[in-house]
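Now for the letters of each chain:
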Amino acid sequence: MSGALRAVIKGTGSALPRERVSNAKLAERVDTSDEWIVERTGIKFRHIAAPDETTATLAADAAKAALEAADMTAADIDLIIVATATPDQTFPASATKVQHILGVYGGVAFDVAAVCSGFLYAFSVAESMIRAGSAKNALVIGSETFSRILDWEDRATCVLFGDGAGAVVLCAEEDSERGVLACNLHADGRHNELLYVDGGPSTTGTVGKLRMKGPEVFRHAVVNLSDVLKETLADAGAEASEVDWVVPHQANKRIIDATARKLKLSPDKVVLTVDQHANTSAASVPLALDVAVRDGRIKPGQLVVLEAMGGGFTWGASVVRM
Ligand code: UT7
């Protein structure tokens, strides 16, 4: 190849655990109510993984669907990145397990840990490797089983999360009009205590449970997300008014609405799946993207913005011509 390389989304896919749990069902075991959850978050359902459904199996199912949509096979793939905070094992990387399930050997496979913005991080790394010519066809996957790290006694967190996976096939194209126009990533490690897991291999030797100071995370989220959206749109040379679809991280409908308002983006242009999936961390953006591609809302040629923010804090955005 001699022209400028662009990373183009060729296909999307997703996978959800079989069991779908309503707020009412959750309220049978947690001191909460459907009214509180819907009013404060917009969440109505979440999927919860069974023991045979793991981060790697969900990731592989999402990857297979994305490959089929791209009309490609696993043999075409030379890079697999799984964004996850809930890997099957501390090591090896879940990406190598996905590689094994897909039956491809060779190429590069690794995990990225940036919690809820993990997909944006993985997407940006894959895009950079494609532009540099070190990968041709990448599977970028966000997959999580947060139900395994929730404290089911803590109603302030356990009602917010769900399990699932989403994937995109990202391919090198020369001098394409389509593809990733801009990516920006950020991190600020001062905020560990606002959103973290209280365990780990090097500290407690346990997996730990999720802990969050929700209202403080909320305030940071709206500021960071609107800033990174403005920055990334400017880098892509695009105005907010030109955006066809925003695919935000699905943590809370109120965060999504407040961020869209700050950018004067119409709510009609925002893909919302938090009602159906709850917060699936790194899976949320590719899962929402796949839903909107498959139901025909997102079409080839449209300008799409992806954004997410999560533990660390980490946050990021990308502008893509589909
Ligand atoms: O994906 C990573 C990023 N994460 C996020 O973006 C999450 C950001 N934060 C949020 O989405 C919101 O802050 C929450 C949804 C977590 C909480 O909503 P809030 O409006 O900030 O509520 P709050 O934490 O201020 O709690 C309000 C009240 C409290 O009762 P009092 O003290 O006012 O009597 C809580 O004890 O709601 C109570 N509460 C609940 N009540 C019923 C907390 N959780 C529940 C619950 N059911 N599940």
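Residues numbered from 1 in each chain as written. Predicted model: local features only at pLDDT ≥ 70, side-chain atom pairs only at ≥ 80, totals over all residues. Heavy atoms only, no water.

**Student:** Where do I start with the side chain of Thr232 in this structure?
**Tutor:** Within the secondary structure, Thr232 is located in helix H7 (residues 214-236). There is a polar contact of 3.2 Å between the side chain of Thr232 and the side chain of Asn184. Contact partners of Thr232, with chain neighbours within four places excluded, come to Ala182, Cys183, Asn184, Ala317, Ser318 and Val319. (Helix = DSSP H or I, 4+ residues; strand = E, 2+ residues; numbered from the N terminus. Polar contact = N/O pair within 3.5 Å; in protein donor to acceptor, adjacent residues only side chain to side chain. Contact = heavy atoms within 4.5 Å.)

**Student:** Would you mind showing me how to read the domain arrangement of the protein chain here?
**Tutor:** One widely used convention gives an interface's size as the accessible area the parts lose upon coming together. The domains assigned to the protein chain are domain 1 (5-174) and domain 2 (179-321). The centre of domain 1, based on its C-alpha atoms, is set 14 Å off from the matching centre of domain 2. Tallying the contact residues gives 55 residues for domain 1 and 49 residues for domain 2. In total, about 3,900 Å² of surface goes out of reach between domain 1 and domain 2, with carbon and sulfur atoms giving 64% of it. Taken as a group, Cys116, Leu120 and Ile149 account for 17% of the area that domain 1 buries against domain 2, more than any other trio of residues on that side. Scanning the region where domain 1 abuts domain 2 turns up 1 salt bridge. A salt bridge links Arg211 to Asp151; the nearest nitrogen and oxygen atoms lie 2.8 Å apart. For the pair domain 1 and domain 2, the number of links is 23 residue pairs in polar contact (both at pLDDT 80 or more). Within the residue set of the side of domain 1 that touches domain 2, elements represented by two or more residues are strand E1 (5-15), helix H2 (34-41), strand E3 (45-48), helix H3 (55-69), helix H5 (118-131), strand E6 (137-145) and strand E7 (163-174). No other element matches the 8 residues that E1 contributes to the side of domain 1 that touches domain 2. (Domains from an automatic or database assignment. Buried area = accessible area lost by both parts, 1.4 Å probe. Salt bridge = Lys/Arg side-chain N within 4 Å of Asp/Glu carboxyl O.)

**Student:** What is the right way to read the pattern of salt bridges from this model?
**Tutor:** Counted under the stated rule, the structure contains 13 salt bridges. Residue Glu28 pairs with Lys25 through a salt bridge whose shortest N-O separation is 3.3 Å. Between Arg155 and Asp31 there is a salt bridge, and its shortest N-O distance comes to 3.5 Å. With a gap of 124 residues between them, Arg155 in helix H6 (residues 155-158) and Asp31 in the loop between helix H1 (23-26) and H2 connect regions that are remote in the sequence. It is possible to trace a salt-bridge network through shared partners that takes in Arg18, Asp52 and Glu53.

**Student:** For this particular structure, what's the right way to read the sheet that holds strand E8 (residues 179-187)?
**Tutor:** Backbone hydrogen bonds are what pair the strands of a sheet, in a parallel or an antiparallel way. Here 4 strands make up an open sheet; going across it, the order is E8-E13-E12-E11 and the pairing mixed. Edge strands, defined here as strands with exactly one partner in the open sheet, are E8 and strand E11 (245-248). Going from strand to strand, the sheet's axes swing by 10° on average, the running direction of each strand aside. Bridge count between strand E12 (residues 303-310) and strand E13 (residues 314-321): 8 bridges; the pairing is antiparallel. Across the sheet, Met309 pairs through a bridge with Trp315, a residue of E13. Contacts between H5 and the sheet are confined to E8, E12 and E13, with E8 contributing the most and set at about 125° to the helix. (Pairing = 2+ DSSP bridges. Axes fitted to C-alpha atoms, helices over the stretch in contact; angles between N-to-C directions.)

**Student:** Teacher, can you tell me more about H5 here?
**Tutor:** Owing to its 3.6 residues per turn, the α-helix brings residues three or four apart onto one side. Taking 1.5 Å of rise per residue, 14 residues should cover 20 Å, and H5 covers 20 Å from first to last C-alpha, within 8% of that figure. With 11 of its 14 residues buried, H5 lies for the most part within the structure. Here H5 has its buried residues at Gly118, Phe119, Leu120, Tyr121, Ala122, Phe123, Ser124, Ala126, Glu127, Met129 and Ile130. Immediately downstream of H5, the backbone of Gly133 shows phi near 85°, a positive value. (Expected span 1.5 Å × (residues − 1). Buried < 20%, exposed > 50% of the residue type's maximum accessible area, 1.4 Å probe, protein only.)

**Student:** Any chance you could explain the environment of Val228 here in plain terms?
**Tutor:** Relative to the elements of secondary structure, Val228 occurs in helix H7. In the structure, Val228 is positioned 81 residues away from Met309 in sequence and 9.8 Å away in space, judged by C-alpha atoms. Aside from chain neighbours lying at most four places away, what touches Val228 is Asn184, His186, Trp315, Gly316 and Ala317.

**Student:** In this structure, what is going on with the site of the ligand? I would like to understand it.
**Tutor:** The ligand sits among 23 residues. The nearest are Thr32, Arg40, Arg155, Asn252 and Asn279. A distance of 2.6 Å separates a nitrogen atom of the ligand from a polar side-chain atom of Thr32. Arg155 places a main-chain nitrogen or oxygen 2.8 Å from a nitrogen atom of the ligand. Protein contacts shield 72% of the accessible area of the ligand, which totals 960 Å² for the unbound molecule. Listing elements by their share of the shell around the ligand, those giving two or more residues are H2, H6, H7 and helix H8 (253-262). In terms of residue class, the shell around the ligand is made up of 13 nonpolar, 6 polar and 4 charged. (Near = heavy atom within 4 Å. Areas by Shrake-Rupley, 256 points an atom, 1.4 Å probe, with all protein chains shown as cover. Nonpolar A, V, L, I, M, F, W, Y, C, P; charged D, E, K, R; others polar.)

**Student:** Got a minute to help me understand the pairing of E13 in this structure?
**Tutor:** On any regular strand, side chains alternate: one points to one face of the sheet, the next to the other face. With respect to burial, E13 is a largely interior element, 7 of its 8 residues being buried. Taken together, the 8 bridges between E8 and E13 define a ladder with antiparallel strand orientation. Bridging from a neighbouring strand, Val180 pairs with Val320 of E13. Remark: 3 residues form the turn of the hairpin made by E12 and E13, two consecutive strands paired antiparallel; Gly312 in that turn has positive phi of roughly 140°.

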